[in-house]
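Residues per chain, in single letters:
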Amino acid sequence: MRLLVTGGAGFIGSNFVHQTVRERPDVEVTVIDALTYAGDRTSLAPVADRVTLVEGDITDGELVDRLVGESDLVVHFAAESHNDNSLSNPWPFVQTNLIGTYTLLEAVRKHGVRYHHISTDEVYGDLELDDPAKFTAETPYNPSSPYSSTKAGSDLLVRAWARSFGIQATISNCSNNYGPYQHIEKFIPRQITNLVDGVKPRLYGKGENVRDWIHVEDHNSAVWAIIDQGRSGETYLIGADGEKNNLEVVQTLLEIFGFDKDDFDHVKDRPGHDMRYAIDSSKLRTELGWEPRYTDFRSGLEATVEWYKANEAWWRPAKAATEAKYAAAGH
Ligand SMILES: NC(=O)c1ccc[n+]([C@@H]2O[C@H](COP(=O)([O-])OP(=O)(O)OC[C@H]3O[C@@H](n4cnc5c(N)ncnc54)[C@H](O)[C@@H]3O)[C@@H](O)[C@H]2O)c1
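Residues numbered from 1 in each chain as written. Predicted model: local features only at pLDDT ≥ 70, side-chain atom pairs only at ≥ 80, totals over all residues. Heavy atoms only, no water.

1. Looking at the UniProt feature "domain: NAD(P)-binding" (unreviewed entry) in the protein
Then comes step 1: In this structure's numbering, the residues bearing the UniProt feature "domain: NAD(P)-binding" (unreviewed entry) are residues 4–301.
Then comes step 2: Helix and strand shares over residues 4–301 are 39% and 17% respectively, and the end C-alpha atoms of the span are 30 Å apart. (UniProt positions renumbered as here; feature names shortened; annotations may be inferred. Helix = DSSP H or I, 4+ residues; strand = E, 2+ residues; numbered from the N terminus.)

See the structure below:
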């Protein structure tokens, strides 16, 4: 099978490529990645001999047409993915998440290639802290930020292309991921790398916001389950019952590092900060028999801390650039 992975030099995409190379020797992998600030070719270095990396933009219609035409399956991870950035400059989000997805869909339609679309639970908006409900594939879309609204728009494009043009497509909406190779601008790696440097963790507001954490390996095994057995045109929600508020995450990290669990600072909350996300993944589990392997959040987090400690050379340059950017913006 010839597989085209978009955004394969990013966090989840690179882990997907590693897992695929490890577990599926019959799959030939090509990655298209624009290598934005969030993409890093060294994330693919351990599998470089098994993967073709094409540095290119998914809005480049000619390039996308050629690469899709040479593939049997497209898995689309590429996105502008950071909420905070989407508030300061929404345009790259519109361009990559909407125009980029449109460009891929047109090529998929032309060449009749199977397509899997990676999306987020943030398209559903948020839940109240005391609400017993969880998101399902029937929950109405209600995105809050330029990030989540452009992801929502891209999901709707996929649904329309499946219905109007009959493309073979599946969609997955996953909760918050953690694990190796995540950019240090994201919550967990930022806290870990700060702790390595002896910098106190900083929490938005009171730290009450709840995220439903899943290890990236579990996200990617679910994606393969959907590709292998999912029904075309369907949406599957991916989650591992990992609801934790930000305060719990920071305190667990402080404990893992052997520090006082109350030794952190508060910072002003960001506008429109979603309160709680929670995924009901029963459709995926009952229909496709998928189960997560990382069911203990603390041990998944310990392994992630070990990875960041052992791979400083990977994150140091991004850390320096990101902290300089935040300092210039007065964060
Ligand atoms: N991180 C999470 O917790 C999470 C949760 C659910 C869903 N998702 C979704 O998973 C996907 C991957 O997220 P991630 O956290 O790995 O993101 P990331 O920011 O780490 O990686 C995105 C990758 O896409 C590439 N890219 C960006 N614009 C591009 C363009 N125009 N053309 C080609 N490549 C481009 C970047 O260079 C980078 O390598 C996204 O679609 C995101 O919405 C993420």
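2. Observations regarding unusual backbone geometry
Then comes step 1: For Leu35, which is not a glycine, the phi torsion comes out positive at approximately 50 degrees.
Then comes step 2: Considering the arrangement of structural elements, one finds Leu35 in the loop between strand 2 (28–33) and strand 3 (51–55).
Then comes step 3: A positive phi angle, near 65 degrees, is found at Tyr181, a position not held by glycine.
Then comes step 4: Tracing the backbone shows Tyr181 in the loop between strand 7 (177–178) and helix 6 (187–196).

3. What about the pairing of strand 5 (residues 114–120)?
Each regular strand carries side chains that alternate between the two faces of the sheet.
Then comes step 1: Burial within strand 5 is extensive, with seven of its seven residues counted as buried.
Then comes step 2: Side chains Arg114, His116, Ile118 and Thr120 of strand 5 all project onto a buried face; the interleaved residues Tyr115, His117 and Ser119 project onto the opposite face, where all are buried too.
Then comes step 3: Relative to strand 5, strand 4 (residues 73–76) runs parallel, the two sharing four bridges. Paired with His76 across the strands is His117, a residue of strand 5.
Then comes step 4: With six bridges connecting them, strand 5 and strand 6 (residues 169–174) associate as parallel partners. Bridged to His116 within strand 6 is Thr170.
Then comes step 5: The parallel pair strand 5 and strand 6, bridged by helix 5 (residues 146–165), forms a crossover whose chirality is right-handed. (Buried < 20%, exposed > 50% of the residue type's maximum accessible area, 1.4 Å probe, protein only. Pairing = 2+ DSSP bridges. Right-handed = clockwise from strand over helix to strand, strands pointing away.)

4. Side note on the site of the ligand
Then comes step 1: Lining the immediate surroundings of the ligand are 28 residues, of which Ile12, Asp33, Ser81, Tyr147 and Lys151 lie closest.
Then comes step 2: In the environment of the ligand, a nitrogen atom lies 3.0 Å from a nitrogen or oxygen atom belonging to the backbone of Ile58.
Then comes step 3: Here an oxygen atom of the ligand and a backbone polar atom of Asn177 are 2.9 Å apart.
Then comes step 4: Protein contact buries 96% of the 840 Å² of open area that the ligand shows by itself. (Near = heavy atom within 4 Å. Polar contact = N/O pair within 3.5 Å; in protein donor to acceptor, adjacent residues only side chain to side chain. Areas by Shrake-Rupley, 256 points an atom, 1.4 Å probe, with all protein chains shown as cover.)

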